[in-house]
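# Chains, contacts and geometry: an overview
Chain by chain, the residues run as shown.
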Amino acid sequence: MKCIPFDYYFKLLLLMTHFLFSLLCQEVYFKNLSKQKQKEVMEKNGNNHKLRVCVATCNRADYSKLAPIMFGIKAEPQFFELDVVVLGSHLIDDYGNTYRMIEQDDFDIHTRLHTIVRGEDEAAMVESVGLALVKLPDVLNRLKPDIMIVHGDRFDALALATSAALMNIRILHIEGGEVSGTIDDSIRHAITKLAHYHVCCTRSAEQHLIAMCEDHDRILLAGCPSYDKLLSAKNKDYMSIISMWLGEDVKTRDYIVALQHPVTTDIKHSIKMFELTLDALISFNKRTLVLFPNVDAGSKEMVRVMRKKGIEHHPNFRAVKHVPFDQFIQLVAHAGCMIGNSSCGVREVGAFGTPVINLGTRQTGRETGENVLHVRDADTQDKILHALQLQFGKQYPCSKIYGDGNAVPRILKFLKSIDLKEPLQKKFCFPPVKDNISQDIDHILETQSALAVDLGGTNLRVAIVSMKGEIVKKYTQLNPKTYEDRLALILKMCVEAASEAVNVNCRILGVGISTGGRVNPREGIVLHSTKLIQEWSSVDLRTPISDALHLPVWVDNDGNCAALAERKFGHGKGIENFVTLITGTGIGGGIVHQHELIHGSSFCAAELGHIVVSLDGPECLCGSQGCIEAYASGIALQREAKKLHDDDLLLVEGMSMKEEEIVSAAHLIQAAKLGNTKAESILRTAGTALGLGVVNILHTVNPSLVILSGVLANHYVSAVKEVINRQALSSVKTVDVVVSNLADPALLGAASLVLDYTTRRIY
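Described below are features of the structure shown in this document. This structure is a prediction, so every number in the text was calculated from the model and none was measured.

So, about the overall build of the chain. The helix and strand tally for the chain stands at 25 helices and 26 strands. Considering the chain as a whole, with its 763 residues, one finds that 54% of them fall into the buried category. Taking contacts inside the chain between residues at least 6 apart in sequence as the whole, the part at least 24 apart equals 69%. Counting only carbon and sulfur atoms, one obtains 54% of the accessible surface of the chain, whose full area is about 34,000 Å². Across the chain, the centroid of the 81 positively charged side chains sits 3 Å from that of the 87 negatively charged ones.

Ordered in space as β10-β9-β8-β11-β12-β13, the 6 strands form an open sheet in which the pairing is parallel. The open sheet has two edge strands, β10 (317-320) and β13 (372-375), and neither has a second partner. Neighbour-to-neighbour, the strand axes of this sheet turn through a mean angle of 20°, independent of strand direction. By the bridge criterion, 3 bridges tie strand β11 (residues 337-340) to strand β12 (residues 356-359) in an arrangement that is parallel. Looking at the pairing, isoleucine 339 lines up with isoleucine 357 of β12.

In this section: helix α17 (residues 483-503). Along its 21 residues, α17 runs 31 Å from first to last C-alpha, staying within 8% of the 30 Å computed at 1.5 Å per residue. Arg486, Leu487, Leu489, Ile490, Met493, Cys494, Ala497 and Ala501 are the residues of α17 that are buried. All buried residues of α17 lie within an arc of 160° about the axis, which places them on one face of the element. Summarising the geometry of α17, the exposed residues directed more than 90 degrees from the buried face are Glu484, Lys492, Val502 and Asn503. Against β14 (447-455), β15 (459-466), β16 (471-478), β17 (506-515) and α18 (542-549) lie the buried residues of α17. The first or second residue beyond α17 is asparagine 505, which carries a positive phi of 60°.

Position of lysine 400 relative to the elements: it lies in the loop between α14 (381-391) and α15 (407-417). By relative accessible area, which is 27% here, lysine 400 ends up partly exposed. Spatially, the C-alpha atoms of lysine 400 and histidine 550 are 7.5 Å apart, while their sequence positions differ by 150 residues.

For the coordinates displayed, the defined rule picks out 36 salt bridges. Salt-bridge contacts for lysine 65 lead to glutamate 175; the nearest nitrogen and oxygen are separated by 3.1 Å. Highlighted residues: lysine 65 in helix α2 (residues 60-74) and glutamate 175 in the loop between β5 (170-174) and α6 (184-194), separated in sequence by 110 residues. Accessibility assignment for this pair places lysine 65 and glutamate 175 in one class, buried.

Before going further, it helps to examine the sheet that holds strand β3 (residues 109-113). An order of β3-β2-β1-β4-β5-β6-β7 is seen for the 7 strands of this open sheet, with the pairing classed as parallel. Because the sheet does not close on itself, it has two edges, and the strands there are β3 and β7 (219-221). Averaged over all pairs of adjacent strands, the angle between strand axes in this sheet comes to 20°, irrespective of strand direction. Pairing analysis gives 3 bridges linking strand β6 (residues 197-200) to β7, with the strands arranged parallel.

This next bit is on the pairing of strand β25 (residues 705-709). By the criterion of burial, β25 is predominantly enclosed, with 5 of the 5 residues buried. Looking at chain direction, strand β22 (residues 578-583) and β25 are connected through 5 bridges and run parallel. Across the sheet, residue valine 579 finds its bridge partner in β25, namely valine 706. By the bridge criterion, 4 bridges tie β25 to strand β26 (residues 736-739) in an arrangement that is parallel.

About the criteria used
Residues numbered from 1 in each chain as written. Predicted model: local features only at pLDDT ≥ 70, side-chain atom pairs only at ≥ 80, totals over all residues. Heavy atoms only, no water. Helix = DSSP H or I, 4+ residues; strand = E, 2+ residues; numbered from the N terminus. Buried < 20%, exposed > 50% of the residue type's maximum accessible area, 1.4 Å probe, protein only. Contact = heavy atoms within 4.5 Å. Areas by Shrake-Rupley, 256 points an atom, 1.4 Å probe, with all protein chains shown as cover. Lys, Arg positive; Asp, Glu negative; His and termini not counted. Charge placed at Lys NZ, Arg CZ, Asp CG, Glu CD. Pairing = 2+ DSSP bridges. Axes fitted to C-alpha atoms, helices over the stretch in contact; angles between N-to-C directions. Expected span 1.5 Å × (residues − 1). Arc of directions from axis to C-beta. Salt bridge = Lys/Arg side-chain N within 4 Å of Asp/Glu carboxyl O.

Structure follows, in structure tokens:
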């Protein structure tokens, strides 16, 4: 065997040593470079040291909102130092020792403060605040945070804000400006006045803070931090979670989640209401997960009610003190219904479209999605039971009232912008108040808008429409012939438009869809379509589009949408009773009575094109004879034009047609203008038929205004007025008949579905 020389090993050792030294030098270089860049960024923001942030959490509910922010802070150690203080019901066994979930999330808890005085009555709440005020100064002296983050409206949070304010520590308050019932409202607004910076979740909350004279530049409209997790949570594995908490035999949408807290301003009534709720749930006979109430005054009595009724041992009930937030959101996302008075029901659950029954006054004033049914005066078991029967098993559009999933990045950006050199003393901005001012430039520039979809016989159109009716961006494609291709194209175009909305600074509130045929707007289903749109009957449009875009979706007939467009943007604005008639390929319309659209008992109201004006008239596409549409629609005029053309009676001097050109209604109108008497007669008959239909409408619903819309409106307006003057009763002859001035009523009407109803949340 051949020997390898010693000098070979020596050279190899030198080479490896040199290589390792080079790697070490390179690592040191890049570490120093990274530190230098971090320093430059902090100096640019006016801070030459890391921002020391203290996050104090008091209970399971506020931790669900604070945790996403804590994860964000922890992920950027070059900018922040995080200290976590835990107090309140987190440390009580009866409420689940929920501090453990903070440890499971791998956060270091700097301090644990036992601040709850047991007793669960009003005096115990006051004593708990006092105990927290005694213990907190020592903790804050040791931590010396630059800023403390406080959430919500609990009495523990009031103690935190009071301590920090008196010790000259800046306070960032999460979820200020909101409105609800009970003592929480007063506590929330008191914390607002102590806080230096505000992160709010809705536009209304932002306006409330401004009205409370808070500094406009220190308010950030970010959305709710919990929505960052909620909007990505529904697709995760959930069956194992449902089985673990409710049993292996339970299916999705076939169980109830109940969460009810005492109302501290009326404890006796809230306990009675809880008793009625449990009785109703027992009668309803569905598997139910009941969570124990919070630590407020009255909670002990509510637990006694549960035990008196045997809820913990009832085969249909599972009573628990705490469910980890990740699992809780899966449970409510797939529940058949949630019932109670928790803010979670009116806020977070809307992200999934799960039906909610909100009992009593605890959440009065909260903005809610259409998934929430309010039972303000829950004073009988039958009333609560009826609400369960109405809501259980329904599926509503997902709501993004409280957030769009991007709150944490906005909050972190806001924290980095805080200049610690600014004076600590708060400044109040007394009236006059500026509108829609926000620290985040994205929100200053954003415009509330809707995605409008128009499904026509030929084209499929999607547009971004602003609150003022401006069409910001429009997309047009040929309407596919099959259901699958059509739905896929709608989703593709909507996703593209939603992405573009970000670039043009538009905040999309929802999707409105205008389509031909008979539509159930409550369920978002096309019941029967016109013959112009194939494979478009019994189609659920709301669910797939809402699931894909995480936006609420409204659907209605194109005639109704045209009426809504006039009500919001056109001649119908401010008019109590009016009718819109669309004169295009077909004849359609919508009726607005006492400012509301009429749909009818089977969603067939305002099929104005099928008013019969002659018993032996031409056949209509609906199968009947003598309908307005058989005389005055674009299809009817095209039919008559073809007859004239086949008999060589259409073309007159000044007209010409190419050999391959298709005869249309436009040729008939042109011929009439050039003196073709037969064409004139056909148009006169069509105008008379339309006029007779309008007279019937006047005698039926007695509107004060008739709006003619569509490409043929200008050709019919004079004829309609003449027929009214000749045939109508004298009491309705004074009606105004006008031509619409809207360029695109179908898209504007679809947008109106969204823009008119996104804020109508009380039932």
